Amino acid sequence: MRERRWEPGGPLDVGLALQPHKRGGGDPTWRRTPDGAVWRTSRSPDGPCTLRVSVKAGTVHGQAWGPGAGWALETLPALLGADDDLSGFTVRHEVLAEAARRHPGGLRIGRTGRVMEALVPAVLEQKVVGQEAWRAWRWLLGRYGEPAPGPAPEGMRVVPEPEVWRQIPSWHWHRSGAEAVRARTIATAAWHAAKLEAAATTQELDRLLRALPGIGVWTSAEVRQRAFGDPDAVSVGDFHLAKLVGYALTGEKTDDPGMLRLLEPYAGHRHRATVLVWLSGLRPPARGPRMSVRDYRSF
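Remember, it's a predicted structure, so these values are computed and weren't measured experimentally.

Draft legend 1. Representation of helix 4 (residues 94-102). Among the residues making up helix 4, those that are buried are L96, A97, A99 and A100. Buried residues of helix 4, seen end-on, are gathered within an arc of 160 degrees and therefore sit on one face of the element. What points out from helix 4, more than 90 degrees from its buried face, is the exposed set E94 and R101. Lining the buried residues of helix 4 we find helix 13 (241-250) and helix 15 (270-280).

Draft legend 2. Focus on the packing of aromatic side chains. For the structure shown, the criterion picks out 3 aromatic pairs. Taking 5.4 Å as the distance between ring centres and 10 degrees as the angle between the ring planes, the aromatic pair formed by W39 and W65 counts as stacked. Of the two residues, W39 sits in strand 3 (residues 38-44) while W65 sits in strand 5 (residues 59-65), which places them 26 residues apart along the sequence. For W39, a relative accessible area of 8% puts it in the buried group.

Draft legend 3. Looking closely at the side chain of T112. The topology assignment puts T112 in the loop between helix 4 and helix 5 (115-124). Within the structure, the side chain of T112 is placed 3.1 Å from the backbone nitrogen of R114, a separation counted as a polar contact. If we ignore the near neighbours within four places in the chain, the residues touching T112 are H21, R40, W71, L79, R226 and A227.

Quick notes on the rules
Residues numbered from 1 in each chain as written. Predicted model: local features only at pLDDT ≥ 70, side-chain atom pairs only at ≥ 80, totals over all residues. Heavy atoms only, no water. Buried < 20%, exposed > 50% of the residue type's maximum accessible area, 1.4 Å probe, protein only. Helix = DSSP H or I, 4+ residues; strand = E, 2+ residues; numbered from the N terminus. Arc of directions from axis to C-beta. Contact = heavy atoms within 4.5 Å. Phe/Tyr/Trp six-rings, centres within 6.5 Å; stacked < 30°, edge-to-face > 60°. Polar contact = N/O pair within 3.5 Å; in protein donor to acceptor, adjacent residues only side chain to side chain.

Right under this line is the structure:
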């Protein structure tokens, strides 16, 4: 085990900071234990690692295991938003200001620096309900992920290396519940993993991602939010987001063009503004049937 203590110099909610990297209940790469600590696995440039993060008296305590333990502790501040730049961000809606007051640790956006870890679950979430995507994520990690190093909570796994994603047979994609289109998208991205991981800026990563078949604006934004901590990457095309933004800021649902118009005053920080929308807790009244959970395995 290796350890590191870090003073964040301001309010920090560890669970909130690391929540974007959790993919549904039972995510094999993410756990929160009863003591309030968050456990997270990663495949670092040095190999697999397990990271445990807790806060006591305002001090972050990081513990890490595995070949990538040193990398995990070195990048811990960035993961918790230390590199995030809030300059130029001004809250222009009272509802967002109230969300910021209630969640002072929710303004900062962290970065993992690991593209494939964000890309695979984002592709699995394309055009399906979360439960369907998370079920596939759990199955694939259970079959192809490595056991988490160290004394991690039972069942935690580390995401496979890119070559493993390339070699998963079609029948195992089917058993996971992911159809051929998403499977091909992930396998193709895995062939270009080295180039994607080496991207120097969020703009370069956006260009590389959207040059790949099956990856569009929404998927690129979801990846860049997590891997690069991009505060302006808006998830255009999300099934819920535009409606939530419209309702929170105007009291009426809107579409993607309407959402982008509402977010214009937050240029450079539009994703940050949508985070505050989520934290506001405001949701439009539910009407009509919900999108159903499919089970592709029965097709």
